[in-house]
Amino acid sequence: MKKSTRVNHPPSIELAPDNHPLVAPIYQSVKFEFDTLEETERYLRGERPGFYYQRSSNPTTRQLELLLAELQGRDDCLVTASGVGAISQALLALTSQGDHVLCFIESYNPTRYLIRRVLARFGVEHTLLSIEDLAGVERTLASRPTRLVIFESPTNPITRIADIGALTRLARAAGALSVLDNTFAGFHQHGSFDVDVYLHSLTKYASGTGDVMGGAVIARSELIRAMRNDFGVLGGTLDPHAAFLILRGLKTYFVRYRAQCASASAIAQRLAEHAAVARVHYPGLPTHPQHALAAQQMQDFGTIVSFDLRGGAPAARRFADALELFALTASLGATESLAVTSQMMGSRELNADLQRLSGITAGTIRLSIGLEDTDDLLADLERALATTEG
Ligand SMILES: *Cc1c(COP(=O)(O)O)cnc(C)c1O
């Protein structure tokens, strides 16, 4: 064998069955082969398990899928290159022309955009309500056949709590699928509800370190099977190296999530006592209008603390510019603490009435609490809040 051939066929290293790596290897290989054409054909006919082409599956991404399904308490999962990839591919795989979708003003902006602008071009209709309007949900589901109800809890940014039990009961009774973007709550929460499809951004709490993007769709195997081929051709596949980084991040998921929640809770309490703050939105605070519902549905109240500054937009500007530890940028669930102002929230596509219903004011700030020392974070916030009162 010439060396130019050899470099393309390096020696293979096989481990003995009793010799195991503690960390699974990254299968950074797009293609997999079988020893014979007959076995290849059997695989292609679905008569044997295996791997063939990464866009369909890969051992490293598959390991992540099985772990996420178990964490969320369902049978199966499909991972994607981003959270929005999971949402768009799930919506495309689950809807057809003429279907009706129920969605909410408080949902993630790209989700609303996908439904209102993209699916609309393919003849999928929608109704947009507030997540607090359960009577409206009941009325809408009674008035027309609905393919799916897609919602979040807690909502972004002002942490409204969806009544998951009521929404899933109404959806089930109407023959609609319930789809919960569970990114804010995390994989360990909301698993006991009768939700058909969970969506997650793996960019947030799963990786935890803000250095990799990914998304997941988690459901019972029959639904995943129905979506799998569409996902393969839509093509938003997660790279195995990204899957490896996310698997690594998940090892510390529970300790990170709980430490960040404890810090978020302390920060929410302190903000609620501050003169410059009109209102704090944190489901763990007894003053949150849906605290009882949140306490019933969640074990941990999350790491997002939002609040409204009394001084409105001018105060928000001074506050944002005075922050030193909190980074002024999008996303959440990272080890660094982050801040977003209403000017950065981009719900401009909502008209004035819908804006008002969304609960976002010109002085709304959303904090994502990281793993820094809580006292250091409080000092940074107090310093920045002091600048808003001048
Ligand atoms: C961030 C986020 C997404 C999108 O995830 P990406 O990984 O950024 O594409 C979807 N839903 C919610 C609730 C999010 O916070």
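It should be emphasised that the depicted structure is a prediction, and the values quoted were computed from it without experimental measurement.

A. Summary view of the domain arrangement of the protein. If you check the domain split of the protein, you get domain 1 (37-250) and domain 2 (253-386). Each of domain 1 and domain 2 has a C-alpha centre, and these two points are 26 Å apart. Between domain 1 and domain 2, the residue contacts involve 39 residues of the former and 36 residues of the latter. When the buried area of domain 1 at its contact with domain 2 is split by residue, Ile161, His188 and Tyr205 rank highest and sum to 23% of it. There are 0 salt bridges connecting domain 1 and domain 2. Among the elements of the structure, α5 (109-121), α7 (164-173) and α9 (240-250) are those that each provide at least two residues to the side of domain 1 that touches domain 2. In terms of residue count, the dominant contributor to the side of domain 1 that touches domain 2 is α5 (5 residues). Split into classes, the residues belonging to the side of domain 1 that touches domain 2 amount to 17 nonpolar, 14 polar and 8 charged.

B. Looking closely at the pattern of salt bridges. Counting across every chain of the model gives 18 salt bridges. The residue Arg62 makes a salt bridge to Asp76 at a minimum N-O spacing of 3.0 Å. Remark: Asp76 occurs in strand β1 (residues 76-80) and Arg62 occurs in helix α3 (residues 59-72); sequence separation between them is 14 residues. A salt bridge links Arg383 to Glu324; the shortest N-O distance between them is 3.5 Å. Residue Arg383 is located in helix α14 (residues 374-386), and its partner Glu324 is located in the loop between α12 (312-322) and β10 (327-328); the two are separated by 59 residues in the primary sequence. A residue is classified by how much of its surface remains accessible, and Arg383, at 41% relative accessible area, is partly exposed. What you see here is one network of salt bridges that share partners, running through Arg172, Asp194, Asp196, Arg220 and Glu222.

C. Broad picture of the side chain of Asn58. In this structure, Asn58 sits in the loop between α2 (37-44) and α3. At 2.8 Å, the side chain of Asn58 forms a polar contact with the backbone oxygen of Tyr27. A polar atom in the side chain of Asn58 sits 3.4 Å from the backbone oxygen of Ser29. Excluding its chain neighbours within four sequence positions, the residues that come into contact with Asn58 are Tyr27, Ser29, Phe32, Phe51 and Pro240.

D. Layout of the sheet that holds strand β2 (residues 100-104). The 7 strands lie next to each other as β1-β7-β6-β5-β4-β2-β3, forming an open sheet whose pairing is mixed. The outermost strands of the open sheet, each flanked by one partner alone, are β1 and β3 (125-129). Pairwise comparison of adjacent strand axes, ignoring direction, gives a mean angle of 20 degrees for this sheet. The pairing of strand β4 (residues 148-152) with strand β5 (residues 177-181) spans 5 bridges and is classified as parallel. In the strand pairing of β5, Phe151 is matched with Leu180. Contacting β1, β4, β5, β6 (197-201) and β7 (215-219), helix α4 (residues 83-94) runs over the sheet at an angle of about 150 degrees to β6.

E. A look at the site of the ligand. Every one of the 15 residues lining the ligand counts as a neighbour, but Val84, Asp181, Ser201, Thr203 and Lys204 are closest to it. Here an oxygen atom of the ligand and a side-chain polar atom of Ser201 are 2.8 Å apart. For the ligand, the accessible surface in isolation is 380 Å², of which the surrounding protein chains cover 93%. The element best represented in the shell around the ligand is α4, accounting for 3 residues. Of the residues in the shell around the ligand, the class split is 6 nonpolar, 6 polar and 3 charged.

F. Inspection of a nonpolar patch on the surface at higher detail. A cluster of nonpolar side chains, Val30, Leu44, Tyr52 and Tyr53, forms an exposed patch at the surface whose accessible area comes to about 360 Å². If you trace the backbone, Tyr52 turns up in the loop between α2 and α3.

G. Structural detail: α3. Taking 1.5 Å per residue, 14 residues should reach 20 Å; α3 reaches 20 Å between its end C-alpha atoms and fits that length. Those residues of α3 that fall on the buried side of the exposure criterion are Pro59, Thr60, Thr61, Leu64, Glu65, Leu68, Ala69 and Gln72. For α3, the side-chain oxygen to backbone nitrogen distance between the N-cap and Thr60 is 2.8 Å, and the N-cap itself is Asn58.

H. Main features of the nonpolar core. Core analysis: the largest hydrophobic core is formed by 44 residues, its most contacted members being Leu64, Leu68, Phe104, Phe151 and Leu202. Per element, the largest residue contribution to this core is 7 residues, and it comes from α9. Looking at this core, you find at least three residues from each of domain 1 (37-250) and domain 2 (253-386). Counting 30 residues, the second largest nonpolar core, distinct from the first, contains Leu91, Cys103, Ile115 and Val217.

I. Main features of the sheet that holds strand β8 (residues 277-281). Read from one edge of the open sheet, 5 strands run β8-β9-β12-β11-β10, paired in mixed fashion. Each edge of the open sheet carries a strand with a single partner, namely β8 and β10. Here strand β11 (residues 338-341) pairs with strand β12 (residues 364-368) via 4 bridges, running antiparallel. Directly across from Ala339, in β12, lies its bridge partner Leu367.

J. Representation of unusual backbone geometry in the model. Of the consecutive residues Ser153 and Pro154, the connecting peptide bond is found in the cis state with omega at -10 degrees. As for its placement among the helices and strands, Pro154 is situated in the loop between β4 and α7. The residue after Asn156, namely Pro157, is reached through a cis peptide bond having omega 0 degrees. Residue Thr159 is not a glycine yet carries a positive backbone phi of 50 degrees. Positionally, Thr159 belongs in the loop between β4 and α7. Overall, Thr159 belongs to the buried group, its relative accessible area being 1%.

The rules behind these values
Residues numbered from 1 in each chain as written. Predicted model: local features only at pLDDT ≥ 70, side-chain atom pairs only at ≥ 80, totals over all residues. Heavy atoms only, no water. Domains from an automatic or database assignment. Contact = heavy atoms within 4.5 Å. Buried area = accessible area lost by both parts, 1.4 Å probe. Salt bridge = Lys/Arg side-chain N within 4 Å of Asp/Glu carboxyl O. Helix = DSSP H or I, 4+ residues; strand = E, 2+ residues; numbered from the N terminus. Nonpolar A, V, L, I, M, F, W, Y, C, P; charged D, E, K, R; others polar. Buried < 20%, exposed > 50% of the residue type's maximum accessible area, 1.4 Å probe, protein only. Polar contact = N/O pair within 3.5 Å; in protein donor to acceptor, adjacent residues only side chain to side chain. Pairing = 2+ DSSP bridges. Axes fitted to C-alpha atoms, helices over the stretch in contact; angles between N-to-C directions. Near = heavy atom within 4 Å. Areas by Shrake-Rupley, 256 points an atom, 1.4 Å probe, with all protein chains shown as cover. Patch = residues over 30% accessible without salt bridge, like charges linked within 9 Å, V, L, I, M, F, W, Y side chains within 5 Å. Expected span 1.5 Å × (residues − 1). Core = buried A, V, L, I, M, F, W, Y, C linked by side-chain atoms within 4.5 Å.

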